[in-house]
Amino acid sequence: MTTLAPYAVREATSRGRAHHEDAPAYRGAFQRDRDRIIHSAAFRRLEYKTQVFVNHEGDMFRTRLTHSIEVAQISRTIARALGLNEDLVEAIALAHDLGHTPFGHAGQDALNACMRDCGGFEHNLQSLRVVDMLEERYASFPGLNLTYETREGILKHCSRKNARALGALGERFLNGGQPSLEAQVANLADEIAYNNHDVDDGLRAGLLDIETLTSTAFFREQYESVRERWADLSGRRVIHETIRAMINRQATDLLDASRAAIDAAGPGSVDDVRSHCTSLIGFSTEMLEQHRALKRLLLRNLYRHYRVFRMSMKAQRIVGDLFGVFFETPRSLPHDVQRRIEERGGGEPERARLVADYIAGMTDRFAIAEHRRLFTVGELT
Ligand code: MG
């Protein structure tokens, strides 16, 4: 690893883990966090969870697993160039989507609606719940017992109400502080990754076309310079060269703008970063506008495309149906979920939360199969 900048997170000054553990012999604390994330069940399930395209729609689209790996790659590149802690940024990036429901945002909206009277459902908070409580792997503690710094990075957003229940981790959502620069990098790398790969997947699915995309200056400039440079290049190579140039432009802009912001603020430690009034990792004003324009285009033409909308409708129905039947009839749940509900005793909010945990953990295809088993007469259970 390259030398850490003074404002990087350091293991020596880590706020530690909730349950004490001796330091590992030949790995750093954040390496251990990353390794625990990679070995978790929730991480493996990311392979069959999608954001825009449901898994069975095709094998060529990004899944949450490949998305998370792309986010980790972009994060590490930026972190290394800024002298930040690469192990930490990688751990945050690989864990950032662990709490996502099946069927991406449609699934989350449906689960949030089901949980309206029981505290709601936030995928970000759920990622934290996965690593803090839901993974069952260690003898001495629930969850993965990750360091404060990895958990801080995972919790990207949080409502004030939920922040109050989180102690030190929730404070910044109440007092306006910032997370570490490593957390800020992972957050922006997420945006760079999905904006660009959704262009690629949208084109591949035939829901976007070049003509529509060239209505935004950012895509058009990269596309035209690729066409100019390689006049005979055709098909997917043109698209990939264009997307490669877009990622490169955005990452370079992010680095330059962030370096300038860090130099101007002059943080001498990660605590200076945390108490700074704004985030220091970000695009230049021009790039931010181009980035937003592309996001708007994707919203209009891809996320709201009728074919995506149809699948979202189905996804919402599946999640809503599953929640309804499990909540009303806990006996239809697998034994281990029933056991957890009995152990917690508790009332309806606790039962609803455990049902939400069960559904949120499902992959797209498992949720579809479970729905078929429960609602299709003649289907084997
Ligand atoms: Mg993401």
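None of these values were measured; they are calculated from a predicted model.

A closer look at the nonpolar core
Turning to step 1, where the next piece is worked out: Formed by 76 residues in total, the largest nonpolar core has its most connected members in Ile37, Leu84, Leu98, Leu181, Val199, Leu213 and Ile281.
Turning to step 2, where the next piece is worked out: At ten residues, helix α10 (residues 181-204) tops the list of elements feeding residues into this core.
Turning to step 3, where the next piece is worked out: Each residue touching Leu98, except ones within four places of it in the same chain, is listed here: Ile37, Ala42, Phe43, Leu46, Ser127, Val130 and Val131.

Looking at α10
Turning to step 1, where the next piece is worked out: Taking 1.5 Å of rise per residue, the 24 residues of α10 would be expected to cover 34 Å, and the 34 Å separating its terminal C-alpha atoms lies within 8% of that figure.
Turning to step 2, where the next piece is worked out: For α10, the buried fraction is high: 21 of the 24 residues fall into the buried class.
Turning to step 3, where the next piece is worked out: Gly206 sits one or two positions beyond α10 and adopts a positive phi of about 80 degrees.

Details of helix α16 (residues 306-328)
Turning to step 1, where the next piece is worked out: Taking 1.5 Å of rise per residue, the 23 residues of α16 would be expected to cover 33 Å, and the 33 Å separating its terminal C-alpha atoms lies within 8% of that figure.
Turning to step 2, where the next piece is worked out: Of the positions making up α16, those classed as buried are Val308, Met311, Ala315, Ile318, Val319, Leu322, Phe323, Phe326 and Phe327.
Turning to step 3, where the next piece is worked out: Residues of α16 that are buried sit in contact with α5 (104-114), α15 (285-303), α18 (348-360) and α19 (364-375).

Concerning the coordination of the magnesium ion
Turning to step 1, where the next piece is worked out: For the magnesium ion, every protein donor is listed as His67 (NE2), His96 (NE2), Asp97 (OD) and Asp190 (OD), and the spread of their distances is 2.1 to 2.7 Å.
Turning to step 2, where the next piece is worked out: Mapping the donors of the magnesium ion onto the primary sequence gives the spacing H-x28-H-D-x92-D. Taken as a pair, Asp97 in the loop between α4 (86-95) and α5 and Asp190 in helix α10 lie far apart in primary sequence, 93 residues in all.
Turning to step 3, where the next piece is worked out: With relative accessibility at 5%, the residue Asp190 sits in the buried group.

Some points on the pattern of salt bridges
Turning to step 1, where the next piece is worked out: For the structure on display, the rule yields 28 salt bridges.
Turning to step 2, where the next piece is worked out: Across the pair Arg64 and Asp97 runs a salt bridge whose closest N-O atoms are separated by 2.8 Å. Of the two residues, Arg64 is situated in helix α3 (residues 64-82) and Asp97 in the loop between α4 and α5; the sequence distance between them amounts to 33 residues.
Turning to step 3, where the next piece is worked out: Among the ionic pairs, Asp256 bridges to Arg259, the shortest N-O distance being 4.0 Å. Placement of the pair is Asp256 and Arg259 together in helix α13 (residues 236-265), with a separation of three residues, close to one helical turn.

A few points about the packing of α10 against α13
Turning to step 1, where the next piece is worked out: Orientation of α10 relative to α13, taken along the N-to-C sense of each, is 160 degrees, at an axis distance of 11 Å. For the element pair α10 / α13, the angle class is roughly antiparallel. Taken as a pair, α10 and α13 cross one another with a handedness that is right-handed. Counting all contacts with α10, which are made through Leu181, Leu188, Ile192, Asn196, Val199, Asp200, Leu203 and Arg204, the residues of α13 involved are Arg236, Ile239, His240, Ile243, Met246, Ile247, Gln250, Ala251, Leu254 and Ile262.

Each value, and the rule that gives it
- Residues numbered from 1 in each chain as written.
- Predicted model: local features only at pLDDT ≥ 70, side-chain atom pairs only at ≥ 80, totals over all residues.
- Heavy atoms only, no water.
- Core = buried A, V, L, I, M, F, W, Y, C linked by side-chain atoms within 4.5 Å.
- Buried < 20%, exposed > 50% of the residue type's maximum accessible area, 1.4 Å probe, protein only.
- Helix = DSSP H or I, 4+ residues; strand = E, 2+ residues; numbered from the N terminus.
- Contact = heavy atoms within 4.5 Å.
- Expected span 1.5 Å × (residues − 1).
- Donors = N, O, S within 2.8 Å, 3.2 Å for Na, K, Ca; no water.
- Salt bridge = Lys/Arg side-chain N within 4 Å of Asp/Glu carboxyl O.
- Axes fitted to C-alpha atoms, helices over the stretch in contact; angles between N-to-C directions.
- Parallel < 35°, antiparallel > 145°, perpendicular 65-115°, else oblique.
- Left-handed = near helix turned anticlockwise from the far one by under 90°.

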